[in-house]
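So the chains spell out like this:
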Amino acid sequence: MRDQYAGDISDYLKFAFINAMLPAASTLGVAWYYLPGHDGRADGRHDEYLSDPNWRLLSPGVFDRLAQRSERAVSELEALGVLPSSTRFFRDPVAGKVGRDAWARRMEAELAECSAVFADPDNGVSRPGVVSRKSATVQEISSLCGADRLVLLIRFPHRLSSHADQLSSYHDAFAEFLPITVRTCVRVPNANGTTSPRIRWFTALNGGPDARSSMESFAQRLAALPGASATVEG
């Protein structure tokens, strides 16, 4: 998670998803996997959804809060109230190989009292044995799943293999936690007047039947919006 992308369409989708999935009376923890500084890329900054009233239908409360945003900063997202007031945020900059174990232990300790956790690494979960500042590790996510805690994840699928193969491997890595994923696609505008698809997957671990029902409801609302699609798998 980087400041430069704060408030874009990915954030709207993730916050709408979290609020749709969070059981009543639960305490949420957010593991930002925060990366300070600009990554030099020109993509992102897609907040055109805020000028389209159709998009408000997905999650009116989240939409209205994000419309009040005055700057692009993760800290401002925390203060906007797009998530429950009791939410605990872990925003220590994510470590690479050096210091990663200590960083992960701090994250687990900070979120230990939370009954549900949302993890927000830039690129989702890395392959076994790979440690990257842009990704969570399988072990880190598995540790967060302890005591049957609900864990929610975002993933941006890559182009190196088919999405079907990626999803199968992804679910296999977390099979013991009964993963359920909603595959979403929305279209964002380009400078030349065309649009491009943006694909994001949102996964629930340790969710059970209630989580599936909530995810299917979220998927139906999203798929009803112009240029959007959503399917639940797992």
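Look up: the structure comes first, before these words.
Since we're looking at a predicted model, the values are computed, not measured.

Examining the overall build of the protein
Argument step 1. For the protein, the helix and strand inventory stands at eight helices and seven strands.
Argument step 2. Over its C-alpha atoms the protein spans a radius of gyration of 17 Å, differing by no more than 12% from the 17 Å that the globule rule assigns to 234 residues.
Argument step 3. Here the protein, with 234 residues, has 49% of them falling under the buried criterion.
Argument step 4. Considering only residue pairs separated by 6 or more positions, the protein has 71% of its internal contacts joining residues 24 or more positions apart.
Argument step 5. Averaging the positions of the 26 positive and the 27 negative side-chain charges in the protein gives two centres separated by 4 Å.

Here we look at the sheet that holds strand β2 (residues 88–90)
Argument step 1. Ordered by their spatial adjacency, seven strands build an open sheet running β2-β1-β3-β4-β6-β5-β7, and the pairing between neighbours is mixed. What marks the edges here is a single partner per strand, and that holds for β2 and β7 (229–233). Going across the sheet, the axis of each strand differs from the next one's by a mean of 15°, ignoring polarity.

Overview of the packing of aromatic side chains
Argument step 1. All chains considered together, the criterion is met by ten aromatic pairs.
Argument step 2. Taken together, a centroid distance of 6.3 Å and an interplanar angle of 65° make the contact between tyrosine 12 and tryptophan 55 edge-to-face. Taken as a pair, tyrosine 12 in helix α1 (residues 9–21) and tryptophan 55 in helix α2 (residues 53–56) lie far apart in primary sequence, 43 residues in all. Residues tyrosine 12 and tryptophan 55 agree in their burial class; the two are buried.

Thoughts on the state of the cysteines
Argument step 1. A full pass over the atoms with the stated rule returns zero disulfides.
Argument step 2. Unpaired in this structure, cysteine 145 has its nearest cysteine sulfur neighbour in cysteine 114, at a distance of 14 Å.

Digging into the pairing of strand β4 (residues 150–155)
Look at any regular strand and the pattern is simple: side chains alternate between the two faces of the sheet.
Argument step 1. Counting buried residues in β4 gives six out of six residues, a clear majority hidden from the surface.
Argument step 2. Side chains of β4 alternate between two faces, with Leu150, Leu152 and Ile154 and Val151, Leu153 and Arg155 buried alike.
Argument step 3. Summarising the sheet, strand β3 (residues 116–119) and β4 pair through four bridges and their orientation is parallel. Note on β4: the bridge partner recorded for alanine 119 is leucine 153.
Argument step 4. One crossover worth recording links β3 to the parallel β4 by way of helix α6 (residues 138–144), and it is right-handed.
Argument step 5. Relative to strand β6 (residues 195–205), β4 is paired through five bridges, and the arrangement is antiparallel. By the bridge assignment for β6, isoleucine 154 is matched with phenylalanine 202.

So, the pattern of salt bridges
Argument step 1. On inspection of all chains with the given rule, the structure shows eleven salt bridges.
Argument step 2. Note that arginine 106 is salt-bridged to aspartate 92, the shortest N-O span being 3.2 Å. Of this pair, arginine 106 sits in helix α5 (residues 100–110) while aspartate 92 sits in the loop between β2 and α5; the two residues are 14 residues apart in sequence, bridging distant segments of the chain.
Argument step 3. The exposure class of arginine 106 is partly exposed, given its relative accessible area of 41%.
Argument step 4. Residues glutamate 216 and arginine 212 are paired through a salt bridge, measuring 3.9 Å at the closest nitrogen-oxygen approach. Taken together, the residues glutamate 216 and arginine 212, both in helix α8 (residues 208–223) and four residues apart, mark about one turn of the helix.
Argument step 5. Overall, arginine 212 belongs to the partly exposed group, its relative accessible area being 27%.

Criteria and thresholds
- Residues numbered from 1 in each chain as written.
- Predicted model: local features only at pLDDT ≥ 70, side-chain atom pairs only at ≥ 80, totals over all residues.
- Heavy atoms only, no water.
- Helix = DSSP H or I, 4+ residues; strand = E, 2+ residues; numbered from the N terminus.
- Rg over C-alpha atoms; globule rule 2.2 N^0.38 Å.
- Buried < 20%, exposed > 50% of the residue type's maximum accessible area, 1.4 Å probe, protein only.
- Contact = heavy atoms within 4.5 Å.
- Lys, Arg positive; Asp, Glu negative; His and termini not counted.
- Charge placed at Lys NZ, Arg CZ, Asp CG, Glu CD.
- Pairing = 2+ DSSP bridges.
- Axes fitted to C-alpha atoms, helices over the stretch in contact; angles between N-to-C directions.
- Phe/Tyr/Trp six-rings, centres within 6.5 Å; stacked < 30°, edge-to-face > 60°.
- Disulfide = S-S within 2.5 Å.
- Right-handed = clockwise from strand over helix to strand, strands pointing away.
- Salt bridge = Lys/Arg side-chain N within 4 Å of Asp/Glu carboxyl O.

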